[in-house]
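Residue-level listing of the chains:
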Amino acid sequence: MWGIAIDETAQNPFAGQSFSHAPFVMFVLPRREKLFRVVAVQLGYNKSSLVYSPTTSSFFWWTYAKAIANAANTLHAQMVLHLHDAHFTGARFALATQRELPPSHAVRKLMDYHFRGMHQVNTLSFASLIHPEGSFAMVSLVGHSGNMELVAKAYEDWHYRKLNPQHEAAYRGVQFLPYYPYYHDAVRMFRVLRQYADGFVRLHFCCDEQ
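Residues numbered from 1 in each chain as written. Predicted model: local features only at pLDDT ≥ 70, side-chain atom pairs only at ≥ 80, totals over all residues. Heavy atoms only, no water.

This part is about the layout of surface pockets. In this approach a probe as big as a water molecule rolls over the atoms, and the regions it shows empty are the leftover space. In this structure, the second largest pocket encloses a volume near 180 Å³. Only helix H1 (59-100) and helix H4 (135-139) provide two or more residues apiece to the lining of the second largest pocket. Counting residues per element, the lining of the second largest pocket draws most heavily on H1, which supplies six residues. Residues belonging to the lining of the second largest pocket are distributed by class as follows: eight nonpolar, three polar and no charged. (1 Å grid on protein atoms, 1.4 Å probe; cavity = no way out; pocket = protein on both sides within 12 Å on 5 of 7 lines; lining within 4 Å. Points joined across faces, edges and corners; volume = space filled by probe spheres on them. Helix = DSSP H or I, 4+ residues; strand = E, 2+ residues; numbered from the N terminus. Nonpolar A, V, L, I, M, F, W, Y, C, P; charged D, E, K, R; others polar.)

Structure representation (C-alpha coordinates):
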(Lines give C-alpha, C1' and ligand atoms only; values in the text may rest on other atoms or scores of the structure.)
Protein backbone atom coordinates (compact mmCIF):
# COMPACT_ATOMS: atom_id res chain seq x y z
CA MET A 1 0.00 0.00 0.00
CA TRP A 2 1.34 3.41 -0.98
CA GLY A 3 -0.31 6.74 -0.36
CA ILE A 4 0.27 10.45 -0.16
CA ALA A 5 -1.63 12.38 2.50
CA ILE A 6 -1.74 16.12 1.92
CA ASP A 7 -4.32 18.80 2.40
CA GLU A 8 -6.79 18.07 -0.37
CA THR A 9 -7.83 21.72 -0.42
CA ALA A 10 -4.29 22.92 -1.22
CA GLN A 11 -4.53 25.14 -4.27
CA ASN A 12 -2.23 26.40 -6.97
CA PRO A 13 -3.11 30.09 -7.46
CA PHE A 14 -1.27 30.14 -10.79
CA ALA A 15 -3.25 27.24 -12.30
CA GLY A 16 -6.49 28.24 -10.58
CA GLN A 17 -7.17 24.68 -9.53
CA SER A 18 -6.79 22.50 -6.46
CA PHE A 19 -5.30 19.08 -5.90
CA SER A 20 -8.60 17.33 -5.30
CA HIS A 21 -7.24 13.87 -4.57
CA ALA A 22 -4.71 12.40 -2.15
CA PRO A 23 -4.51 8.88 -3.58
CA PHE A 24 -3.75 5.53 -2.01
CA VAL A 25 -2.58 2.69 -4.24
CA MET A 26 -2.78 -1.03 -3.48
CA PHE A 27 -0.28 -3.42 -5.03
CA VAL A 28 -0.08 -7.21 -5.04
CA LEU A 29 2.83 -9.50 -5.79
CA PRO A 30 1.51 -12.65 -7.48
CA ARG A 31 3.22 -15.92 -6.73
CA ARG A 32 6.09 -16.83 -9.03
CA GLU A 33 6.23 -13.27 -10.35
CA LYS A 34 8.80 -10.55 -9.78
CA LEU A 35 6.83 -7.38 -10.44
CA PHE A 36 4.00 -5.77 -8.51
CA ARG A 37 0.59 -5.25 -10.01
CA VAL A 38 -1.70 -2.34 -9.22
CA VAL A 39 -5.09 -3.69 -8.16
CA ALA A 40 -6.84 -0.62 -6.71
CA VAL A 41 -6.54 3.16 -6.45
CA GLN A 42 -8.44 5.15 -3.84
CA LEU A 43 -8.67 8.83 -4.71
CA GLY A 44 -8.60 10.31 -1.23
CA TYR A 45 -8.26 9.23 2.37
CA ASN A 46 -11.83 9.89 3.50
CA LYS A 47 -14.45 7.20 4.04
CA SER A 48 -16.43 8.52 1.10
CA SER A 49 -13.43 8.48 -1.28
CA LEU A 50 -13.96 6.48 -4.44
CA VAL A 51 -11.99 3.31 -5.15
CA TYR A 52 -11.13 2.26 -8.69
CA SER A 53 -9.89 -1.10 -9.95
CA PRO A 54 -9.32 -2.68 -13.38
CA THR A 55 -12.19 -5.12 -12.81
CA THR A 56 -14.88 -2.77 -11.50
CA SER A 57 -14.10 0.48 -13.33
CA SER A 58 -14.26 1.48 -16.96
CA PHE A 59 -11.05 1.89 -18.93
CA PHE A 60 -11.35 5.68 -18.76
CA TRP A 61 -11.78 5.91 -14.98
CA TRP A 62 -9.14 3.29 -14.27
CA THR A 63 -6.68 5.20 -16.48
CA TYR A 64 -7.71 8.45 -14.81
CA ALA A 65 -7.13 7.02 -11.31
CA LYS A 66 -3.69 5.72 -12.25
CA ALA A 67 -2.79 9.10 -13.78
CA ILE A 68 -3.72 10.87 -10.54
CA ALA A 69 -1.66 8.39 -8.53
CA ASN A 70 1.28 8.86 -10.87
CA ALA A 71 1.04 12.65 -10.56
CA ALA A 72 1.03 12.38 -6.76
CA ASN A 73 4.01 10.05 -6.86
CA THR A 74 5.93 12.52 -9.02
CA LEU A 75 5.08 15.33 -6.61
CA HIS A 76 6.26 13.24 -3.64
CA ALA A 77 9.48 12.28 -5.43
CA GLN A 78 10.35 15.89 -6.23
CA MET A 79 9.40 17.54 -2.92
CA VAL A 80 10.32 14.80 -0.43
CA LEU A 81 12.83 12.38 -1.91
CA HIS A 82 14.72 14.96 -3.95
CA LEU A 83 14.30 18.41 -2.40
CA HIS A 84 14.14 17.43 1.26
CA ASP A 85 16.02 14.14 1.50
CA ALA A 86 18.83 15.16 -0.88
CA HIS A 87 19.19 18.95 -0.87
CA PHE A 88 17.91 20.00 2.55
CA THR A 89 19.26 17.01 4.45
CA GLY A 90 22.62 17.28 2.72
CA ALA A 91 22.77 20.97 3.65
CA ARG A 92 22.43 20.09 7.35
CA PHE A 93 25.48 17.84 7.21
CA ALA A 94 27.42 20.33 5.11
CA LEU A 95 26.79 23.23 7.50
CA ALA A 96 27.57 21.16 10.59
CA THR A 97 30.80 19.82 9.07
CA GLN A 98 32.06 23.19 7.85
CA ARG A 99 31.18 25.00 11.07
CA GLU A 100 32.47 22.45 13.57
CA LEU A 101 35.46 20.78 11.88
CA PRO A 102 38.66 22.55 10.74
CA PRO A 103 39.80 22.07 7.12
CA SER A 104 42.59 19.75 8.30
CA HIS A 105 40.23 17.35 10.07
CA ALA A 106 40.09 13.88 8.51
CA VAL A 107 36.31 13.73 8.37
CA ARG A 108 36.18 17.23 6.88
CA LYS A 109 38.58 16.16 4.13
CA LEU A 110 36.47 13.10 3.43
CA MET A 111 33.18 14.99 3.24
CA ASP A 112 34.15 18.29 1.59
CA TYR A 113 34.17 16.73 -1.86
CA HIS A 114 30.57 15.53 -1.44
CA PHE A 115 29.42 18.97 -0.27
CA ARG A 116 31.01 20.82 -3.18
CA GLY A 117 28.54 23.22 -4.77
CA MET A 118 25.69 22.28 -2.44
CA HIS A 119 25.20 25.71 -0.88
CA GLN A 120 25.36 27.43 -4.25
CA VAL A 121 22.78 25.09 -5.77
CA ASN A 122 20.44 25.45 -2.80
CA THR A 123 20.74 29.23 -2.80
CA LEU A 124 19.96 29.46 -6.51
CA SER A 125 17.05 27.03 -6.19
CA PHE A 126 15.48 29.15 -3.47
CA ALA A 127 15.55 32.17 -5.75
CA SER A 128 14.23 30.53 -8.91
CA LEU A 129 12.47 27.26 -8.06
CA ILE A 130 11.22 27.14 -4.45
CA HIS A 131 10.23 30.79 -4.23
CA PRO A 132 6.45 31.33 -3.75
CA GLU A 133 6.33 32.54 -7.34
CA GLY A 134 8.99 30.17 -8.65
CA SER A 135 8.80 27.35 -11.16
CA PHE A 136 7.87 24.65 -8.64
CA ALA A 137 4.95 26.71 -7.38
CA MET A 138 3.69 27.30 -10.90
CA VAL A 139 3.74 23.66 -12.09
CA SER A 140 2.68 21.95 -8.85
CA LEU A 141 -1.02 21.20 -8.42
CA VAL A 142 -0.75 22.02 -4.72
CA GLY A 143 1.10 25.31 -5.20
CA HIS A 144 3.82 26.68 -2.97
CA SER A 145 1.94 26.10 0.31
CA GLY A 146 1.27 22.47 -0.57
CA ASN A 147 4.90 21.93 -1.57
CA MET A 148 6.11 23.32 1.73
CA GLU A 149 3.58 21.19 3.61
CA LEU A 150 5.10 18.08 2.10
CA VAL A 151 8.62 19.25 2.96
CA ALA A 152 7.58 20.07 6.55
CA LYS A 153 6.09 16.61 7.03
CA ALA A 154 9.23 15.03 5.61
CA TYR A 155 11.33 17.02 8.08
CA GLU A 156 9.21 15.82 11.01
CA ASP A 157 9.46 12.19 9.91
CA TRP A 158 13.16 12.19 9.05
CA HIS A 159 15.61 10.10 11.06
CA TYR A 160 19.25 9.06 10.66
CA ARG A 161 18.06 5.51 10.02
CA LYS A 162 16.73 6.66 6.65
CA LEU A 163 20.34 6.84 5.48
CA ASN A 164 20.71 3.08 5.92
CA PRO A 165 18.85 1.25 3.12
CA GLN A 166 18.25 -1.81 5.29
CA HIS A 167 16.61 0.21 8.07
CA GLU A 168 14.59 2.19 5.53
CA ALA A 169 13.38 -0.95 3.77
CA ALA A 170 12.43 -2.57 7.07
CA TYR A 171 10.47 0.53 8.06
CA ARG A 172 8.55 0.34 4.79
CA GLY A 173 8.13 -3.43 5.03
CA VAL A 174 9.76 -4.20 1.67
CA GLN A 175 13.01 -5.84 2.80
CA PHE A 176 11.76 -9.35 1.96
CA LEU A 177 10.78 -8.65 -1.65
CA PRO A 178 12.45 -11.19 -3.95
CA TYR A 179 12.98 -8.68 -6.76
CA TYR A 180 13.85 -5.13 -5.71
CA PRO A 181 16.95 -4.06 -7.70
CA TYR A 182 17.10 -0.56 -6.22
CA TYR A 183 17.17 -1.89 -2.66
CA HIS A 184 19.53 -4.78 -3.33
CA ASP A 185 22.00 -2.53 -5.15
CA ALA A 186 21.73 0.15 -2.45
CA VAL A 187 22.60 -2.39 0.28
CA ARG A 188 25.75 -3.42 -1.60
CA MET A 189 26.79 0.18 -2.23
CA PHE A 190 26.11 1.16 1.38
CA ARG A 191 28.27 -1.73 2.62
CA VAL A 192 31.19 -0.73 0.38
CA LEU A 193 30.97 2.96 1.27
CA ARG A 194 30.73 2.17 4.96
CA GLN A 195 33.85 -0.01 4.82
CA TYR A 196 35.72 2.68 2.92
CA ALA A 197 34.70 5.47 5.33
CA ASP A 198 35.47 3.29 8.35
CA GLY A 199 38.93 2.45 7.05
CA PHE A 200 39.65 6.09 6.21
CA VAL A 201 38.64 7.34 9.65
CA ARG A 202 40.64 4.60 11.41
CA LEU A 203 43.78 5.84 9.67
CA HIS A 204 43.48 8.99 11.78
CA PHE A 205 41.62 7.88 14.93
CA CYS A 206 42.09 4.73 16.96
CA CYS A 207 38.90 4.91 19.01
CA ASP A 208 35.61 6.78 19.43
CA GLU A 209 37.04 8.90 22.25
CA GLN A 210 39.38 10.65 19.83
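Right, let's talk about the environment of leucine 129 for a bit. Tracing the chain through its elements places leucine 129 in the loop between helix H3 (118-128) and H4. You can call leucine 129 partly exposed: its relative accessible area is 30%. Sequence separation between leucine 129 and histidine 167 is 38 residues; the distance between their C-alpha atoms is 32 Å. (Buried < 20%, exposed > 50% of the residue type's maximum accessible area, 1.4 Å probe, protein only.)

We now examine unusual backbone geometry. One non-glycine residue, arginine 32, lies in positive phi territory at about 65 degrees. Within the fold, arginine 32 resides in the loop between strand S4 (23-28) and strand S5 (37-43). Judged by its relative accessible area of 85%, arginine 32 is exposed.

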